[in-house]
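Read off the chains here:
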6 protein chains.
Amino acid sequence: MIFQNENSFEVKEKIENSKIAILPIGAVEAHGPHLPLGTDNYLAERISERVAERTGAFVLPTLPYGQVWSLKNFPGSINISNESLISLLVDMGVSLYEQGFRVFAMINGHLGNAVALKEAARKLYQQYPDFKILYLFYPGTKKVTEEVRETKSSHATYFHACEIETSYMLYLAKEYVDMSKAITDIPNIPASADVTPTPWEEFTNSAVLGDAKLATKEKGEKIIEVAIDNMVKLIEGAKDEINGTK
Amino acid sequence: MIFQNENSFEVKEKIENSKIAILPIGAVEAHGPHLPLGTDNYLAERISERVAERTGAFVLPTLPYGQVWSLKNFPGSINISNESLISLLVDMGVSLYEQGFRVFAMINGHLGNAVALKEAARKLYQQYPDFKILYLFYPGTKKVTEEVRETKSSHATYFHACEIETSYMLYLAKEYVDMSKAITDIPNIPASADVTPTPWEEFTNSAVLGDAKLATKEKGEKIIEVAIDNMVKLIEGAKDEINGTK
Amino acid sequence: MIFQNENSFEVKEKIENSKIAILPIGAVEAHGPHLPLGTDNYLAERISERVAERTGAFVLPTLPYGQVWSLKNFPGSINISNESLISLLVDMGVSLYEQGFRVFAMINGHLGNAVALKEAARKLYQQYPDFKILYLFYPGTKKVTEEVRETKSSHATYFHACEIETSYMLYLAKEYVDMSKAITDIPNIPASADVTPTPWEEFTNSAVLGDAKLATKEKGEKIIEVAIDNMVKLIEGAKDEINGTK
Amino acid sequence: MIFQNENSFEVKEKIENSKIAILPIGAVEAHGPHLPLGTDNYLAERISERVAERTGAFVLPTLPYGQVWSLKNFPGSINISNESLISLLVDMGVSLYEQGFRVFAMINGHLGNAVALKEAARKLYQQYPDFKILYLFYPGTKKVTEEVRETKSSHATYFHACEIETSYMLYLAKEYVDMSKAITDIPNIPASADVTPTPWEEFTNSAVLGDAKLATKEKGEKIIEVAIDNMVKLIEGAKDEINGTK
Amino acid sequence: MIFQNENSFEVKEKIENSKIAILPIGAVEAHGPHLPLGTDNYLAERISERVAERTGAFVLPTLPYGQVWSLKNFPGSINISNESLISLLVDMGVSLYEQGFRVFAMINGHLGNAVALKEAARKLYQQYPDFKILYLFYPGTKKVTEEVRETKSSHATYFHACEIETSYMLYLAKEYVDMSKAITDIPNIPASADVTPTPWEEFTNSAVLGDAKLATKEKGEKIIEVAIDNMVKLIEGAKDEINGTK
Amino acid sequence: MIFQNENSFEVKEKIENSKIAILPIGAVEAHGPHLPLGTDNYLAERISERVAERTGAFVLPTLPYGQVWSLKNFPGSINISNESLISLLVDMGVSLYEQGFRVFAMINGHLGNAVALKEAARKLYQQYPDFKILYLFYPGTKKVTEEVRETKSSHATYFHACEIETSYMLYLAKEYVDMSKAITDIPNIPASADVTPTPWEEFTNSAVLGDAKLATKEKGEKIIEVAIDNMVKLIEGAKDEINGTK
């Protein structure tokens, strides 16, 4: 159900049957020496395909640019403002609604996009109360992640190019990972980073937040499968709701 | 030179050597029964790869959403406003400049994007006079197209899902074309369509502007190769200019 | 039918009878040594009066400022951004609609305004589907211009202060033309001018694109009369449409 | 010194000598049965010509659209938002500054424009501290108006299509006045009109605020000549200031 | 009736009974050596409380930031743009309307806010024609002020930190006044200050426009009581209107 | 150090000595039957005073309006958009910087403001790299809160009008609390509330998220004192940084 491979003559009926559009959204951003700049895009895209299979959803083409303010000064990062991202997503949402979709699930591979996604979702919801818009960033994986990780997290909410994210890539897109370059770099993130604008170059040279060497496919699998299960449940719940079966 | 497959540790030096970023930009839009919604994305992407090879450029991830005002009411189309598109492209351009790129070539597969691309290019140029921004939509192919086509064009500047565009797809992305569904649908586009807002449903049901059945890989090849040659020349010219060798 | 000479007590009924508003829109822009800065204003205004006579339309006061990005660095040019122009035209359109007009024809004397006019027209059309908004820049004159011109055009779409535009002025506003100062200046416009931001000072010192000396009133008359005929037809067509007679 | 009649080859030196641009700005607005919709445009334009003669200034083409919120529901009014007007005037100011002007005098015929003119002036002043921007609406005429008028003013700051404004027109543009249609209509403007949004249809049917029958050319002359003297002084003062002679 | 001291369970019915919200709005701005930076906030707030008592209105929390362009370069001033202020007030108005309020009275202690308040009021009025929005700056006090003042006003519309405003503070908030520091500083405000952007440092060092030493509580009382009476009448009038009793 | 009580003549030197401005920012929002609508304002304000005493900072007047999207449909809530809030805060920051402040600490009493505060801080930081902007919402209180609370939190990040927030009020502003009205209302917040726009009326009628009856002054004191200590440390750290002593 790759949306852009459909043709206009047949897609209308298929939209009516499915009603669910999934948008993978990531970013182009520095991810250390062993992961590609497009890491968040590959993760979002591959998870989206898996979720779509299980929910009968269409996967839209990946939106591969995101808000990477914190890492924008690292080599290779391309930064989009929240304003641009919100504006684009609202436009897209309007079109999707007019096309007949009633669930719009944004599967997000990059934490920095979270603010824009939520804001865009609210704007669309105000305009179309019967439109369910979801913003999904590895939902419900806190517990499994704690269980899986061998090293302490560098930060309460950030994880980046580390044991965890590298494991995701080993499970979902290992062809883009070069474990021979993986490093251990546990930064000391100052408490002030949560309360004042703090470009990451102030506390890391590598953009790796932890021990990437400990990443394994198995760790990734455990967390990602939980994330996918949760996404499927949330999308099914939204579908029930718009179908009035809930 | 797929940009998002690079890693942050090595990309800086490569950017300094290349200085050229190519952005494929297309759209999700109705293209009749035989071509996929993502036709413009596939075309932009494949041409970009070819051009990058010959110019030593990086290919950025495809921006797969565009301004499709005219066809937005056809099944499957997703429309983005000019404002959103301009804003996003200007953000990207700023980032690319800061990353060290000095040529930003937008290879465009969808005519409806032309206004936004030009406006974004001008805004970036005002901000960075030493930044060459190109917006490329099959440049210099007018003559070869006239030679190649067997049917008269439906319109002076539009071509869509017709003999021409279908030939492009047969040459560049034939795995997405289903010629068994190709149709002949030559609309009578009223003169007023050039001077007043005219959604295409006013003159076509199929969104095909011509005789898609006459499309061949060979026709596509002839035009596309001219387009690619011209793009390469224009990018090389821009590179010479920023290098002061011209 | 000069709109601003009407009085408020009588104009309401007249609007109901006519329903057509014509806005001449031009620019203040360098036009070489022999044509005034206001050339595009004079052309738009005089054509508008002629078209209004034949269609029973009101002529609104000329909007004399336009988007002259390409020539903004030439002495005398005054440049307005697309954003400002669009915003102003949308405001005007809303007022005209509320006043009872149902056809809003923008007669444009300056190519640089074309993008803003089309965008404003689309925004108004989205808001008022029964409002016909036309943007008219010498429509349907391609053929007659080819026939009339003695020199080759410098560019596929631009013409400026040349054989053609000077002929327009000789026919419509010769009191502002000083043919004794007319020059021949055939620039070599690089192919890149169509694909990258290119202020015209990069290829011309005079802003004249051709041989102004060859201009004659007769040439102007031939083209302008075709343009006026076409405008009249397009406006009549729009009127029929809003009156449901088509 | 009609700016749009100048040519690009000679205007540069003239701008350097003069440095002063005058923009007449008015509106299209209901002015009762005896005055035309374009009253404010004619007044602004004719005063501008007189002021230009005495100050060596250039007169730019009249901006004939303004903010007429209060009267926008009267037949014939065309309303522009403050936002659009500010944006356009700031664009113009930037261009005028870049062209070499150092005094930008907006001669305003319509009180409703005052807010936008002042705001635009402040924005330009912030950007270019050595740019003098003036917004002139019959400056310094309070006393002479009190002396001249035979009827009490309907309102502390508004006057409209009344004894006073009609006198202005009789002095400056009598060819557009039809005194045979002049009426006496002294509305009772509620005190609340100064403190809450109050479209004028709430207190007048005619849009005439007073006794238009008492208007005479002589009354107009007395006030207008004071206004012009004051404008000349203010512009000369601004010129002295930018020339450092003050 | 301090709105923020109400609780959510009981406030709904109270809003239905009252329907009137009063917003005190002031500024943080230089007021000479004897008055505090928050002078306009204290005045707006205390007057609001008095007016609320007499009209059964709710007093909202004071909005303590305003547009102080003219004095923004004086120590202690905090300046907000008109755009920000308008946007905030429109948001607030929408919420108040949705909460059931039908009269929104902005009691303004700072003249510089007047433009933003009026513009916000118009935008809200366009959206909700049955919503009465009032912007109140010492209404109807011109005559009493003339009677009370011993010194001539420095300017037709401005008064600041002078005999008048200091008297207001002595009557309403004397605990914040230090009369031992009061000064006499009668600036010569140039005529051009009304027609060109003029930061006040161009004509005053103290920001006092007059003789603050002459201020008395009694003078303040006389004017303020007139202002309050007029505000009460205007709000009662608005209430009658929305209740259809007028 | 109440900023608005300072006078303009003395404040300049004091700013130079302190360099720190604290903005209390809250909201008007439903807080159940026992807490006032202005709860977040009172909390922000009282904490700000305490922090200011210990850091030598100025306390600016409280900004009493915030983004309360989630609760905007509850009686008494007044909602401001993120856009308006960001715009206002950026204006304020610019003014504070120009006035000589180098630390701008926003002490926030309402979680809904967090997005706008962070975005405004980033915009200001981009403009003034030597300006430290802090957004502080009970920093570093996670652990102590876990220790103090007797009931389980209803949600990972939200707390509202519950055991915790009521305790804050009992410690800091008990005169506004009516414990006789305190209720126990433990809602079942669906998992989807974190991933799709969910106005709180979907899961609570009271807006109380927990057991307000268990609130005590002592619990409030324990958490608030930790919060204040942390704020003081963060502000001192910022001050050291701008003073180059760190």
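Residues numbered from 1 in each chain as written. Chains lettered and ligands numbered in written order. Predicted model: local features only at pLDDT ≥ 70, side-chain atom pairs only at ≥ 80, totals over all residues. Heavy atoms only, no water.

## Considering the overall build of chain A
In terms of regular secondary structure, chain A is built from seven helices and six strands. Counted from the first residue to the last, chain A has its helices and strands arranged as α-β-α-β-α-β-α-β-α-α-β-β-α. Against the 2.2 N^0.38 benchmark of 18 Å for 246 residues, chain A shows a C-alpha radius of gyration of 18 Å, consistent with a compact globule. Seen through its principal axes, chain A has C-alpha atoms that stretch 50 × 35 × 30 Å. Scored against the burial criterion, the 246 residues of chain A give a buried share of 66%. Contacts spanning at least 24 positions in sequence make up 78% of the contacts within chain A whose residues lie at least 6 apart. A total accessible area of about 8800 Å² is found for chain A, and carbon and sulfur atoms account for 49% of it. (Helix = DSSP H or I, 4+ residues; strand = E, 2+ residues; numbered from the N terminus. Rg over C-alpha atoms; globule rule 2.2 N^0.38 Å. Buried < 20%, exposed > 50% of the residue type's maximum accessible area, 1.4 Å probe, protein only. Contact = heavy atoms within 4.5 Å. Areas by Shrake-Rupley, 256 points an atom, 1.4 Å probe, with all protein chains shown as cover.)

## Let's talk about the interface of chain E and chain D
Counting from both sides, the interface comprises 28 residues of chain E and, opposite them, 28 residues of chain D. Carbon and sulfur atoms supply 48% of the area buried between chain E and chain D, which totals about 2400 Å² over both sides. Three residues stand out in chain E for area buried against chain D, namely Arg122, Val195 and Pro197 of chain E, and they jointly supply 26% of the buried area on that side. Our count for the contact surface shared by chain E and chain D stands at two salt bridges. Linking Glu83 of chain E and Lys123 of chain D is a salt bridge whose minimum nitrogen-to-oxygen distance equals 2.5 Å. On inspection of chain E and its partner chain D, the count reaches twelve residue pairs in polar contact (both at pLDDT 80 or more). Residue contributions to the side of chain E that touches chain D peak at seven residues, all from helix H4 (residues 114-127) of chain E. (Buried area = accessible area lost by both parts, 1.4 Å probe. Salt bridge = Lys/Arg side-chain N within 4 Å of Asp/Glu carboxyl O. Polar contact = N/O pair within 3.5 Å; in protein donor to acceptor, adjacent residues only side chain to side chain.)

## Brief notes about the interface of chain A and chain B
Counting from both sides, the interface comprises 49 residues of chain A and, opposite them, 49 residues of chain B. The contact between chain A and chain B buries some 3900 Å² in all, and 58% of this surface belongs to carbon and sulfur atoms. On the surface where chain A and chain B come into contact, there are two salt bridges. Counting across the interface, chain A meets chain B through 34 residue pairs in polar contact (both at pLDDT 80 or more).

## Considering the relation of the copies chain E and chain D
Overlaying chain E with chain D gives an RMSD of 0.0 Å, the required rotation being 180° about an axis along which the chain moves by 0.0 Å. The operation mapping one copy onto its partner corresponds to a two-fold rotation axis. Relative to the rotation axis, the closest C-alpha in chain E is found at Val115 of chain E, a distance of 3.6 Å. A shared binding surface is used by both copies, with 100% of the interface residues of chain E retained as interface residues in chain D. (Least-squares fit on C-alpha atoms with pLDDT ≥ 70 in both.)

## Points about the confidence of the model for chain A
For chain A, per-residue confidence averages 96 on the pLDDT scale, and 100% of positions sit at 70 or higher. Across the interface, the model reports ipTM at 0.97; the global pTM reads 0.97. (pLDDT = per-residue confidence, 0-100.)

## As for the pairing of strand E3 (residues 103-108) of chain B
Residues and elements named next belong to chain B. For E3, the tally of buried residues reaches six of six residues, placing the bulk of the element in the interior. Residues of E3 alternate between two faces, with Val103, Ala105 and Ile107 on one and Phe104, Met106 and Asn108 on the opposite face, all of them buried. Pairing geometry for strand E1 (residues 20-25) and E3, over six bridges, is parallel. Paired with Ile20 across the bridge in E3 is Val103. (Pairing = 2+ DSSP bridges.)

## Side note on the sheet that holds strand E4 (residues 132-136) of chain A
Residues and elements named next belong to chain A. Spatially, the four strands line up as an open sheet ordered E2-E1-E3-E4, and their pairing is parallel. Among the strands making up the open sheet, the edge pair consists of strand E2 (58-59) and E4. Along the sheet, helix H4 (residues 114-127) contacts strand E1 (20-25), strand E3 (103-108) and E4; its crossing angle with E4, the most-contacted strand, is approximately 175°. (Axes fitted to C-alpha atoms, helices over the stretch in contact; angles between N-to-C directions.)

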